[in-house]
Amino acid sequence: MKQRGSVLKKFELTPPRILVLGFAAIIMLGTVLLMLPFSSADGLPTPFIDALFTATSATCVTGLVVVDTGIHWSLLGKIVIALMIQVGGLGFMTMSTLFALVLKKRISLKERLILQEAMNQGSMEGIVRLIRKVLFYSLTIELTAAVLFAIRWSFDLGWARGIGYGLFHAVSFFNNAGFDLFGPITGPFSGLTAYADDALISIVSMALIVLGGIGFVVLSDLLEYRERKRLSLHSKVVLSASGLLIVIGAVVIYSFEYSNARTLGPLGWDGKLLAAFFQSVSPRTAGANSVDIAGLRQATQFFIIILMFIGASPGSTGGGVKTTTFTVLAGAMAAMIRGKEDIVLFRNRLGKDRILKAITLTMLALFLVIAVTMLLSTTEDHSFLMILFEVTSAFGTVGLSMGLTPDLSVFGKIMIMFTMFAGRLGLLTLAYALGPKAEKELYRYPEGKITIG
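Residues numbered from 1 in each chain as written. Predicted model: local features only at pLDDT ≥ 70, side-chain atom pairs only at ≥ 80, totals over all residues. Heavy atoms only, no water.

### Re the pattern of salt bridges
Here the idea is simple: oppositely charged side chains can pair when their charged atoms come close.
Next up, step 1: Throughout the structure, instances matching the rule amount to 5 salt bridges.
Next up, step 2: A salt bridge links R152 to D156, with the nearest nitrogen and oxygen atoms 3.0 Å apart. Within this pair, R152 and its partner D156 are both found in helix α8 (residues 127–157), separated by 4 residues, close to a single helical turn.
Next up, step 3: Exposure remark for D156: the relative accessible area of 41% places this residue in the partly exposed category.
Next up, step 4: Among the ionic pairs, D353 bridges to R354, the shortest N-O distance being 3.3 Å.
Next up, step 5: Looking at D353, the relative accessible area reads 48%, which means it is partly exposed.
Next up, step 6: You can call R354 partly exposed: its relative accessible area is 44%.
Next up, step 7: Residues participating in the shared-partner salt-bridge network are R152, D156 and D198. (Salt bridge = Lys/Arg side-chain N within 4 Å of Asp/Glu carboxyl O. Helix = DSSP H or I, 4+ residues; strand = E, 2+ residues; numbered from the N terminus. Buried < 20%, exposed > 50% of the residue type's maximum accessible area, 1.4 Å probe, protein only.)

### A few points about the packing of helix α19 (residues 384–395) against helix α20 (residues 410–425)
Next up, step 1: For the pair α19 and α20, the least separation of the axes is 7 Å and the interaxial angle reads 40 degrees. In this structure, α19 contributes E390, V391, A394 and F395 to the contact, and α20 contributes I416, T419, M420 and G423.
Next up, step 2: Counted by class, the contact of α19 with α20 contains 5 nonpolar, 2 polar and 1 charged residues. (Axes fitted to C-alpha atoms, helices over the stretch in contact; angles between N-to-C directions. Contact = heavy atoms within 4.5 Å. Nonpolar A, V, L, I, M, F, W, Y, C, P; charged D, E, K, R; others polar.)

### Describing the nonpolar core
Next up, step 1: One finds I81, W153 and I416 to be the most contacted residues of the largest nonpolar core, which totals 102 residues.
Next up, step 2: Contact partners of I416, with chain neighbours within four places excluded, come to F53, L64, L376, E390, V391, A394 and L408.
Next up, step 3: Listed in part, the 8 residues of the second largest apolar core include A335, I343, L350 and I355. (Core = buried A, V, L, I, M, F, W, Y, C linked by side-chain atoms within 4.5 Å.)

### Remarks on the packing of aromatic side chains
Given two aromatic rings, their pairing is described by the distance between the two centres and the angle made by the two planes.
Next up, step 1: In this structure the tally under the stated criterion is 10 aromatic pairs.
Next up, step 2: For the ring pair F309 and F395, a centre distance of 5.8 Å and an interplane angle of 35 degrees mean the geometry is tilted. On the criterion of sequence distance, the pair formed by F309 in helix α16 (residues 298–310) and F395 in helix α19 is long-range, its members being 86 residues apart.
Next up, step 3: What links up through ring pairs into an aromatic cluster is the set F149, W153, Y165, F173, F182 and Y195.
Next up, step 4: A cation over a ring is seen here: K272 above Y258, with NZ or CZ 4.9 Å from the ring centre. (Phe/Tyr/Trp six-rings, centres within 6.5 Å; stacked < 30°, edge-to-face > 60°. Lys NZ or Arg CZ within 6 Å of the ring centre and 35° of its normal.)

### Quick word on unusual backbone geometry
Next up, step 1: The phi torsion at V61 lies on the positive side, around 40 degrees, for a residue other than glycine.
Next up, step 2: By secondary structure assignment, the location of V61 is in the loop between α3 (48–59) and α4 (69–72).
Next up, step 3: Look at V61 and you get buried, because its relative accessible area is 0%.
Next up, step 4: Look at F189: it is not a glycine, yet its phi comes out positive at around 55 degrees.
Next up, step 5: The topology assignment puts F189 in the loop between α10 (183–186) and α11 (199–213).
Next up, step 6: We classify F189 as partly exposed; its relative accessible area is 43%.

### A closer look at a nonpolar patch on the surface
Next up, step 1: The grouping of L139, L143, V147, I151, F155, W159, I163 and L167 at the surface amounts to a nonpolar patch, some 850 Å² of accessible area in total.
Next up, step 2: Mapped onto the nonpolar patch, the elements with two or more residues apiece are α8 and α9 (159–174).
Next up, step 3: Top element by residues in the nonpolar patch is α8. It accounts for 5 residues.
Next up, step 4: Position of L139 among the secondary structure elements: in helix α8. (Patch = residues over 30% accessible without salt bridge, like charges linked within 9 Å, V, L, I, M, F, W, Y side chains within 5 Å. Areas by Shrake-Rupley, 256 points an atom, 1.4 Å probe, with all protein chains shown as cover.)

As structure tokens, this is what we get:
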């Protein structure tokens, strides 16, 4: 009896495990729906592995696809994908909280704990209030962008298709998913290349990606700034790091691709600038592209890999190791070089637990990306850079592709699906879910010293 109790305790449904099981359940439900004949445009059942890959990519808001979204799927299939993107981006617990609030049900303590884990918050205080804001901000931003998209695309596609495309792409881009429907119009897997120098489409898309990628806590801080007259340290770090990465990314891409006939070369100076900024914003885990990714120079492709690895910000719809992790590591490096003991950001000293968490996350992410890249290098007949690009895109839940994903073997698809899943949930959440429950240590070992460097 005692042994049975210990086994049950070992498999207790902790918040991280509930998140993992919840996302897995959404993926499986989406897979079943996408396999049905009426979900595909030709009326034929979609193979299980392709339906599973699409459902995983949509739920993990990635955007890597093995079949062109606009060509392969029927209207119903596209609606299923859009719903999975919305649920995956905001989180299934956020959506279930929405129904609970509508039905005026009380949010239990355990549900609050799960929401805290899902939103990557340090405490439960104000978590339900934050969820209300998340839902309101998200729907308002998506509807506003959908209207702007619909007006613009109605001139090219007609009102009916313009409205449909506006809604789908507003949901996709705000949730940093990168799915697009332009395959039937501009060719398979073409993305937004036909609108590379279209100011309205590019600016609205970039705004959606940035707003979805900075995190809901930062978004709430910005909207309440007029009342509070201050920003939290977290918001300051996220905004400064995000802005710096976008500007540096745009300058690098503009410089490397200025004369490239396959990307920025044919565009005017304003189109070049717009496309460079778009392609700098997109690796923040969005996955939309306004230029041919395979046509980029290798230096640009490798630079985008770095941007994808860093990713978006905590508590957002995006993936990657996050901008705050990158900032903490950069701060630690600067402090060490200057001989300082503390990492100070905006006149605030960071605790050692933050530094250890940043190092742990980065090392786990590097291990995952390297391991999956090495495995796929042995099974896929493609260049190393192409494989590394695809794996990093999957881990960062970005969705940018050099064209490898449709050619992946079954094993390759499984590995990329696992990488997307790990990237969306977060490596620490996945580790806590799969590992045994942590127990407090009753003693500490004596401190030792080793030589570093």
